[in-house]
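Observations on the three-dimensional arrangement
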Amino acid sequence: VGWLEARVMSSGAHNAAKPGGQKFKHSLKTVGRTVMAAQRFAEGASFDNDDGGTSAHASNMHRSEASVPFGALIHFMTFSTEPELSKPWQMKKPQVSTGTGFYIGNKRILTNSHVIRHSTSLRVERHGQPGNFPARVLCEGVMCDLALVTVDDDEFFEDLPAVRLQEDVPELDDTVICLGYPLGATSITVTRGVVSNVHMKDLSLRGWNDENLLLAVQIDAAINPGNSGGPVFSYKTAAVVGVAFAGRVDVQGIGFIIPVPVIQLFVKTFEVTKHPIFAGLPMLGIATQDLVNPSLRRLCFGATTPPSRDGILVTEVHKDSCADRAGLMPGDVLVCIDETPISEKGDVPFRGHERLDWVYLVTRKPLGSKITLDVLRRIDGGVAGNKAVSLQNGTLEARRLHVTLAPTPSLLPSILGLDYTPGWVVIGGLLFLRVGQPLLDQIISGGRGAGVGGFTHITSLMGIFEKDSVSAGVDEAVILMDVLAHDINISYEEYRGLVLYSINGTQIKSLRHLAQFYADCADAFLHIEFGGGGHKERHAEAVVLEQVFCQRTQLEILAQHKIPNWCSDDCIPAGGTAAFNGSSLTPVGSSLTMVDPMALLYALAGGAPLHTTSVQHVTVAISSPPPQQGEAQEYTRNVQGPQESERNVQWSDESVSPPPPSPPPKVSSPRGAVPPGLPPRKPTSSLSTLSSYLGGGPK
């Protein structure tokens, strides 16, 4: 480059001495382009040859890629079936999706939680290697959108290189390389970009709680569907700086990655707990307000307003939260966490020139960690009592509180399979469900929010369930999810989305309590009232049902909507499940009714009654004739119970009397045809047949 610059100067001086120096301008342009090309060559960037080709030698990109362990990439194919939480007895349509992961050592593959979510079958392939292997999930974290996966076949891990993790968060404008299998690609796709921003983000992308925030990095490299779970490498060090997890469909050039500190928090938590579900994030359990307004600052600090611009106002402390147990009170001014000052806007320093939300100081630590809170408290009460105070007489007291980090109890469970289990109770066609964040996520994503699909009250639920369960007086929230249309519940459709408060003056504390109360209730009418968060304070509407009509129509409603039982297994009343017999509830001691689908459909169509047997409190319906007298035959069914996964069901002489042999079926028309092996139709109604099958008498 120096030699070319010298040639430019000498050429310029030589041409300037000549008459008609027009050639100097063109010569300077030519040499200038040569200098720029030489500089690119010296920096290692590729440039065009005279013949139109591209030279790739001495390229920084290729030098960096040479050290990237491409072999560590894993291609995922996920077969999944998501539960239909609004109808917990059903599953949604099966789906097939693809994603990316990478090997981090110790027979562990890292990917996104949403890549393997609700998987029924998980298949993985190595980059550049033949073979398709079944995989299983070791741990899944919805809140951090990460998952650990392994393969039981040792052949999969032979000569599989592991990536190296860079602990430091990449700096702004650092170049990064994204690898993955986007848009159904079967070979690796490489995109490159720079770090645009580092901030706090809800990695679950649900936005339910302002404290569920973790560190995230924004880049301008393309992240498309299929890139999820793929590694993002540093251009300088060829080490992994994060996991690709999201893009923006409404704008271009924006993607998000999960940095290594969050990955390490997830992996270390699994190594300590060995639990298959990430236990969640620590939260102080408080609500805060910034103190930018000078009048508000003077009211909070009184006559001793500090000269610094630090401190945020604590406006609410949730009952039984870790901050509540440590002694934090509404009206306190939170100044520091672990001696790191919090500004009046609620942010804290990060790497000197950058700032993050104060929640970063909490969620970066695992559950059980200890932190210190430095607060200022008004001796005269300040704004804690919502009363006017004297600015001249107000005094502040500095206190240091020691907090052991833990999740905040809530009426709204957040993680399916960890603290939320779907359940239902059907009363007179009213479908009541246990409420949790996963259910509300499906309601909103399915377009059943406020004003849509009859859910006019759903938007109030998020604020309602942030309240603590002690003040609400309930164990969990129950919602009227749907009204299964019938004459007995006409005009009650508009109440879908309301929170159940009480029945006949008795406050309902949980879904199981609702089932037990209904099974024990002998009142002629059911007067159902709705409220919010355990308090009947907003909705004065009430639903009234007659007990006798609820019991007479229950079987018909269940059969119409293909619901296996009037309540879920976890809500079975004491004494067994309840089947309806005329106008009374008759416990039959079964937590799950097992039915041969063809036999049930045949019975509903007017065919022969179903033959049932009960062994170990399991009711079984069959479509084939039972064994002859004195014979025994054993069947095995997969029954999902609380303690065992399989139970043996055995025919015996005492449990069932075999019916007399039936004559061959007579087919009068294609519509009246009887399936082979089944007895002929009998003139009985489908409702009475199903009632007899469930243990009751004729209607």
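Calculation criteria
- Residues numbered from 1 in each chain as written.
- Predicted model: local features only at pLDDT ≥ 70, side-chain atom pairs only at ≥ 80, totals over all residues.
- Heavy atoms only, no water.
- Pairing = 2+ DSSP bridges.
- Helix = DSSP H or I, 4+ residues; strand = E, 2+ residues; numbered from the N terminus.
- Axes fitted to C-alpha atoms, helices over the stretch in contact; angles between N-to-C directions.
- Contact = heavy atoms within 4.5 Å.
- 1 Å grid on protein atoms, 1.4 Å probe; cavity = no way out; pocket = protein on both sides within 12 Å on 5 of 7 lines; lining within 4 Å.
- Points joined across faces, edges and corners; volume = space filled by probe spheres on them.
- Nonpolar A, V, L, I, M, F, W, Y, C, P; charged D, E, K, R; others polar.
- Buried < 20%, exposed > 50% of the residue type's maximum accessible area, 1.4 Å probe, protein only.
- Arc of directions from axis to C-beta.
- Salt bridge = Lys/Arg side-chain N within 4 Å of Asp/Glu carboxyl O.
- Core = buried A, V, L, I, M, F, W, Y, C linked by side-chain atoms within 4.5 Å.
- Patch = residues over 30% accessible without salt bridge, like charges linked within 9 Å, V, L, I, M, F, W, Y side chains within 5 Å.
- Areas by Shrake-Rupley, 256 points an atom, 1.4 Å probe, with all protein chains shown as cover.
- Lys, Arg positive; Asp, Glu negative; His and termini not counted.
- Charge placed at Lys NZ, Arg CZ, Asp CG, Glu CD.
- Phe/Tyr/Trp six-rings, centres within 6.5 Å; stacked < 30°, edge-to-face > 60°.
- Lys NZ or Arg CZ within 6 Å of the ring centre and 35° of its normal.
- pLDDT = per-residue confidence, 0-100.

**Structural notes on the sheet that holds strand 9 (residues 189-201)**
Pairing is antiparallel in the closed barrel, where six strands are placed in the order 8-9-10-13-12-11. Pairwise comparison of adjacent strand axes, ignoring direction, gives a mean angle of 45 degrees for this sheet. Judged from the five bridges that link them, strand 12 (residues 240-247) and strand 13 (residues 255-259) form a sheet pairing that is antiparallel. Looking at the pairing, V243 lines up with I258 of strand 13. Contacting strand 10 (214-219), strand 12 and strand 13, helix 5 (residues 260-273) crosses the sheet at an angle of about 50 degrees to strand 13.

**So, the layout of surface pockets**
Taken as a whole, the largest pocket holds about 1,100 Å³ of empty space. As for the largest pocket, its lining consists of 45 residues, of which H114, R117, D145, S204 and L205 are closest to the centre. Secondary structure elements with two or more residues in the lining of the largest pocket: strand 1 (73-80), strand 2 (95-105), helix 4 (113-116), strand 12 and helix 9 (437-445). The dominant element in the lining of the largest pocket, judged by the number of residues it contributes, is helix 9, at four residues. For the lining of the largest pocket, the residue count by class is 20 nonpolar, 17 polar and eight charged.

**Re unusual backbone geometry**
The phi torsion at D145 lies on the positive side, around 55 degrees, for a residue other than glycine. With respect to the secondary-structure elements, D145 resides in the loop between strand 6 (136-141) and strand 7 (146-150). Residues other than glycine seldom take positive phi values, yet N504 does so here, at roughly 55 degrees. Mapped onto the elements, N504 comes out in the loop between strand 25 (499-503) and strand 26 (506-507). In this structure N504 comes out as partly exposed when scored by relative accessible area, which is 26%.

**Looking at the pairing of strand 20 (residues 370-378)**
Judged by how many residues are buried, strand 20 sits mostly within the fold: eight of nine residues are covered. Alignment of strand 16 (residues 333-337) against strand 20, held across four bridges, turns out to be antiparallel. The partner of V333 across the bridge, within strand 20, is L376. Relative to strand 21 (residues 396-404), strand 20 is paired through nine bridges, and the arrangement is antiparallel. Bridge pairing in strand 21 places L373 opposite L401.

**Some details on helix 12 (residues 511-520)**
Of the residues making up helix 12, those classed as buried are L511, L514, A515, F517 and Y518. Buried residues along helix 12 cover an arc of 165 degrees about the axis, so they all sit on one side. Along helix 12, the residues that are exposed and aim more than 90 degrees away from the buried face are R512 and D520.

**Describing the pattern of salt bridges**
Two side chains carrying opposite charge are able to pair once their charged atoms lie near each other. Summed over the entire model, instances satisfying the criterion amount to 19 salt bridges. The closest approach of N and O atoms between R117 and E140, which form a salt bridge, is 2.8 Å. Taken together, the positions of R117 in the loop between helix 4 and strand 4 (119-126) and E140 in strand 6 put the pair 23 residues apart, joining distant regions of the chain. Measuring nitrogen to oxygen at the nearest pair gives 3.3 Å for the salt bridge that ties R496 to D482. Placement of the pair is R496 in the loop between strand 24 (478-483) and strand 25 and D482 in strand 24, with a sequence separation of 14 residues. Note on D482: relative accessible area 17%, which makes it buried. A single network of salt bridges, built from pairs that share partners, joins E171, R351 and E354.

**Here we look at the nonpolar core**
With 79 residues, the main nonpolar core has L284, W358 and L373 as its most contacted residues. For this core, the element with the highest residue contribution is strand 12, accounting for six residues. When near neighbours in sequence (up to four residues on either side) are disregarded, L284 contacts E211, S321, C322, A323, W358, V362, I371, L373, V403, L405 and T408. One finds V425, L430, I563 and W566 within the second-largest nonpolar core, a separate group that totals 49 residues.

**Looking at a negative patch on the surface**
A grouping of D153, E155, E158 and D159 is seen on the molecular surface, where their side chains present a negatively charged patch. Summarising the element assignment, E158 is placed in the loop between strand 7 and strand 8 (175-180).

**Focus: the packing of aromatic side chains**
Taken as a whole and judged by the stated rule, the model has nine aromatic pairs. Ring centres of F133 and F156 lie 5.2 Å apart, and the angle between their planes is 75 degrees; this geometry places the pair in the edge-to-face category. With F133 in strand 5 (residues 133-134) and F156 in the loop between strand 7 and strand 8, this residue pair connects regions lying 23 residues apart in the sequence. We classify F156 as buried; its relative accessible area is 0%. On the numbers, 6.3 Å between centres and 35 degrees between planes, the contact of Y492 with Y495 is tilted. The class of Y492 is buried, set by a relative accessible area of 14%. Grouped by ring-pair contacts, the aromatic residues Y103, F133, F156 and F157 constitute a single cluster. Directly above the aromatic system of F256 lies the positively charged group of K201, at a separation of 4.5 Å from the ring centroid.

**Quick notes on the sheet that holds strand 6**
Strand order across the open sheet formed by seven strands is 5-4-1-2-3-7-6, with antiparallel pairing between neighbours. Edge positions in the sheet fall to strand 5 and strand 6, since each has one partner strand and no second. Contacts from helix 5 reach strand 2, strand 3 (108-111), strand 6 and strand 7 within the one sheet, and its direction differs from that of strand 7 by about 55 degrees.

**Observations regarding the environment of L265**
Here L265 shows up in helix 5. Excluding residues within four positions of it along the chain, L265 makes contact with F278, T363, R364, K365 and P366.

**Notes on helix 6 (residues 294-301)**
Listed as buried for helix 6 are L296, R297, C300 and F301. Here the buried residues of helix 6 occupy an arc of 115 degrees about the axis, which is enough to place them on one side. In the core, the buried residues of helix 6 are packed alongside strand 14 (286-289), strand 15 (312-317), strand 16, strand 20 and strand 21.

**Brief notes about the confidence of the model for the protein**
Of all residues in the protein, 65% attain a pLDDT of 70 or more, and the chain-wide mean is 75. In the predicted structure, residues 577-599 sits below a pLDDT of 50 and forms 70 contacts with residues beyond four places in sequence or in another chain. Within the model, the stretch residues 664-699 combines pLDDT values under 50 with 62 contacts to residues more than four positions away or in other chains.

**Topic: the environment of W89**
With respect to the helices, strands and loops of the structure, W89 is situated in the loop between strand 1 and strand 2. By relative accessible area, W89 is classed as buried at 18%. Separated by 473 residues in sequence, W89 and K562 have C-alpha atoms that sit 9.1 Å apart. Once residues within four sequence positions are removed from consideration, W89 is found in contact with W424, L431, H561, K562, I563 and P564.

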